[in-house]
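Take a look at the letters that make up each chain.
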Protein chains: 2
Amino acid sequence: MAVRRSALQSGPSKGGDTAPTSTRGAAREQVDRAVRSGLLTGRFIPGKAVTLRGLAAELGVSPMPVREVLQRLAAENALEVKPNGRVQVPDMTPARYQEVLKARLLLEPELATLALPHLTSKDAKRLKAVDDDIDQCILSGDAESYMRLNHTFHFHIYRASGSEVLLPLIDSLWLQFAPFMRTVYGRVGTVSLDDRHKEAIRAIELQNEDALRSAIAADINDGMGLLGKELLAVQGKT
Amino acid sequence: MAVRRSALQSGPSKGGDTAPTSTRGAAREQVDRAVRSGLLTGRFIPGKAVTLRGLAAELGVSPMPVREVLQRLAAENALEVKPNGRVQVPDMTPARYQEVLKARLLLEPELATLALPHLTSKDAKRLKAVDDDIDQCILSGDAESYMRLNHTFHFHIYRASGSEVLLPLIDSLWLQFAPFMRTVYGRVGTVSLDDRHKEAIRAIELQNEDALRSAIAADINDGMGLLGKELLAVQGKT
DNA sequence: TCAGGTATTTTGTGATCACAAAATGACACG
DNA sequence: CGTGTCATTTTGTGATCACAAAATACCTGA
């Protein structure tokens, strides 16, 4: 069987992958990684149907592991199974958008607070490096790298909490709004993007709980507030 | 093939099932309903492995739809796939418990508040009926019915919000703590159970936002606070 | 040129098969 | 009687097949 190469296969391998990629569930993990990464960086477009055999051929595996991964992601509301069985990236609606925003504001500042005691100056240094790259992506207009790095920034903080419950919930939220954000960046560009990452880093250095909570909340509000207006504009003209 | 009957098949069909149970994805939906119901009512014990072929035979279907459902539930953290591929109900830990409690307190009062404008006196009447049944279950010690009705009570409120984002998150949380709660009820019984359902109903009748929020939060704290101590006791002696 | 209907292809679903890893059990040896 | 080893069984995984529904393409007729 000819294994076709595609953009999905050359996914950026996250730094600290702990998975040994053993023979057990290797195919499924490969597919899972590819699709998740694709969703978070916006390589899947909302409304675009994703076919089982298509993805399978693209990744050089049988449709079987793809089916399982798609079911998983559908369970996380990252994908939507339509009544006829077709799977697609859900379209964003104003109501959904407001709910995601609310959920993020409820959960993410809280988890950041839980993570704070586990964050060292080494983490702050790492975050600063990531944030520098982010700034560069904003200037150069590299939306895909921006999204990946922004995800890295936030989840480096959240992951430090060692959370097993809140973190997966937030993971689900990001998978839901990321594909939509990508379409907005394609519309308005990245130059108008602003974040509160530096405030967050400073709060971590000072181990200031309230400051970190505020920085994360403000970062979410800034990022999604801007885009909320854009969404309504899109809704009006579509 | 002999279709063996089991406790799983006679799952209590929830009142307002909108699914037409057509031929499309019928098997998967049947399995999903059975396993979800089983988790929420505590018919699956934490730590107990659930085998693919076993469940398939029990439900009279091939292992295929079972695989997909198990993957879905694993994605919602309702089940745990161990490194060797075995699937089991996750064990509860003190850390997990604290996180679930925190997440519930963050999300559920908020969603109840969102739902309040959509809740009518008809809903209050329905909730009152459910709550009466709950009281009876507590007195009679019917833990399984209690858990099912308590879920019905809460989600009747939450579902009225029309939420597409917060509701699935809360769904995931309930699937995570329900099996553990069942084991605790088996240990301490149901007589000591207390809830704030009547306060919540009254808040709905009065359309009092703050009162409803407080009632839900108090209900969660009451229910899980008691059990938290029990968990620690179990941890100590195991 | 365009609408309507049919035929072809594509798609998801469920079942079965082959295989390797893991769990389980039996059994011989100390 | 306990313990280590080996054979058997069970389990999850991935692939392939058969089938029905849906989507798409095509073509005919006005």
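Above this note sits the structure.
Residues numbered from 1 in each chain as written. Chains lettered and ligands numbered in written order. Predicted model: local features only at pLDDT ≥ 70, side-chain atom pairs only at ≥ 80, totals over all residues. Heavy atoms only, no water.

Engineer: Whenever I open this one, the overall build of chain A confuses me. Can you help?
Structural biologist: In terms of helices and strands, chain A carries nine helices and two strands. Reading chain A from its N terminus to its C terminus gives the helix and strand order α-α-α-β-β-α-α-α-α-α-α. Every one of the 238 residues in chain A was classed for burial, and the buried ones make up 49%. Pairs at least 24 residues apart make up 75% of the contacts formed inside chain A by residues separated by at least 6 positions. (Helix = DSSP H or I, 4+ residues; strand = E, 2+ residues; numbered from the N terminus. Buried < 20%, exposed > 50% of the residue type's maximum accessible area, 1.4 Å probe, protein only. Contact = heavy atoms within 4.5 Å.)

Engineer: Honestly, the pattern of salt bridges in this entry has me stumped. Any pointers?
Structural biologist: Two side chains with opposite charge may pair up if their charged atoms get near one another. Counted by the stated rule, this structure contains 28 salt bridges over all chains. The residue K128 of chain B makes a salt bridge to E205 of chain B at a minimum N-O spacing of 2.9 Å. Taken as a pair, K128 of chain B in helix 5 (residues 121-140) and E205 of chain B in helix 8 (residues 197-206) lie far apart in primary sequence, 77 residues in all. When its relative accessible area of 41% is taken as the criterion, E205 of chain B is described as partly exposed. If you follow the salt bridges from partner to partner, you end up with R28 and E68 of chain A together with R67 of chain B in one network. (Salt bridge = Lys/Arg side-chain N within 4 Å of Asp/Glu carboxyl O.)

Engineer: Is there a simple way to think about the protein's contact with DNA strand C in this case?
Structural biologist: Taken together, 21 residues lie around DNA strand C, and L52 and R53 of chain A together with R28, S62 and N84 of chain B are the ones closest in. A distance of 2.9 Å is found between a base nitrogen of DNA strand C and a side-chain nitrogen or oxygen belonging to R67 of chain A. One of the side-chain N or O atoms of N84 of chain B is found 2.8 Å from a phosphate oxygen in DNA strand C. Of all the secondary structure elements, the ones that give two or more residues to the surface near DNA strand C are helix 2 (52-59) and helix 3 (63-75) of chain A together with helix 1 (26-40) and helix 3 (63-75) of chain B. Grouping the amino acids of the surface near DNA strand C by side-chain chemistry returns nine nonpolar, five polar and seven charged. (Near = heavy atom within 4 Å. Polar contact = N/O pair within 3.5 Å; in protein donor to acceptor, adjacent residues only side chain to side chain. Nonpolar A, V, L, I, M, F, W, Y, C, P; charged D, E, K, R; others polar.)

Engineer: How should I be thinking about unusual backbone geometry in this particular structure?
Structural biologist: Only a minority of non-glycine residues have a phi that is not negative, and only a minority of peptide bonds are not trans. All names here are of chain A. Phi angles above zero are rare outside glycine, and N77 is one such case at about 65 degrees. Of note, N77 is situated in the loop between helix 3 and strand 1 (80-81). On the basis of relative accessibility, which here comes to 22%, the residue N77 falls in the partly exposed class.

Engineer: Got a minute to help me understand the relation of the copies chain B and chain A in this structure?
Structural biologist: Both copies of the chain are tied together by a single rotation about an axis and a shift running along it. At an RMSD of 0.0 Å, chain B and chain A line up after a rotation of 180 degrees and a shift of 0.0 Å along the axis. As the rotation angle and translation indicate, the two copies are arranged about a two-fold axis. Residues of chain B ranked by C-alpha distance from the rotation axis are headed by R72 of chain B, positioned 2.3 Å from it. Interface residue correspondence from chain B to chain A reaches 100%, placing this contact among same-surface, isologous pairings. (Least-squares fit on C-alpha atoms with pLDDT ≥ 70 in both.)

Engineer: How should the packing of helix 1 of chain B against helix 3 of chain B be read in this particular structure?
Structural biologist: Each packed pair of helices is defined by two parameters, the angle between the axes and the distance between the axes. Residue and element names in this part refer to chain B. One way to put it is that helix 1 packs onto helix 3 with a least axis distance of 9 Å and a crossing angle of 45 degrees. One finds that helix 1 runs oblique with respect to helix 3. The handedness of the crossing between helix 1 and helix 3 comes out as right-handed. Across from A27, R28, V31, D32, V35, R36 and L39 in helix 1, the residues of helix 3 making contact are P65, V66, E68, V69, R72 and L73. Counted by class, the contact of helix 1 with helix 3 contains eight nonpolar, no polar and five charged residues. (Axes fitted to C-alpha atoms, helices over the stretch in contact; angles between N-to-C directions. Parallel < 35°, antiparallel > 145°, perpendicular 65-115°, else oblique. Left-handed = near helix turned anticlockwise from the far one by under 90°.)

Engineer: Whenever I open this one, the protein's contact with DNA strand D confuses me. Can you help?
Structural biologist: The local shell around DNA strand D holds 21 residues, among which R28 and S62 of chain A together with L52, R53 and R67 of chain B are the closest. When atoms of DNA strand D within 4 Å of the protein are sorted by moiety, sugar and phosphate together comprise 60%. In the model, a phosphate oxygen of DNA strand D is placed 2.5 Å from a nitrogen or oxygen of the S62 of chain A side chain. A distance of 2.9 Å is found between a base nitrogen of DNA strand D and a side-chain nitrogen or oxygen belonging to R67 of chain B. Looking at the surface near DNA strand D, the elements that each hand over two or more residues are helix 1 (26-40) and helix 3 of chain A together with helix 2 (52-59) and helix 3 of chain B.

Engineer: Explanation requested: the nonpolar core in the structure shown.
Structural biologist: Here is a general trend for soluble globular proteins: nonpolar side chains tend to be buried in one another's company. Core analysis: the largest hydrophobic core is formed by 141 residues, its most contacted members being L39, I157 and Y158 of chain A together with L39, L107, I157 and Y158 of chain B. Here I157 of chain B is in contact with A112, A115, L119, L127, I204 and I216 of chain B, once residues within four sequence places are set aside. (Core = buried A, V, L, I, M, F, W, Y, C linked by side-chain atoms within 4.5 Å.)

Engineer: What is the right way to look at the environment of A124 of chain B in this model?
Structural biologist: Residues and elements named next belong to chain B. Mapped onto the secondary structure, A124 falls in helix 5. In this structure A124 comes out as buried when scored by relative accessible area, which is 2%. When the C-alpha atoms of A124 and R202 are compared, they prove to be 8.0 Å apart, with 78 residues separating the residues in sequence.

Engineer: Looking at this structure, I do not really get the interface of chain B and chain A. What am I missing?
Structural biologist: Interfaces are frequently sized by the accessible area removed from exposure as the parts join. Taken together, the 33 residues of chain B in the interface contact 33 residues of chain A. The junction of chain B with chain A conceals about 3000 Å² of combined surface from both sides, 58% of it contributed by carbon and sulfur atoms. The interface formed by chain B and chain A contains four salt bridges. K102 of chain B is paired through a salt bridge with E110 of chain A; the nearest N and O atoms lie 2.9 Å apart. Summed over the shared surface of chain B and chain A, the number is 14 residue pairs in polar contact (both at pLDDT 80 or more). (Buried area = accessible area lost by both parts, 1.4 Å probe.)

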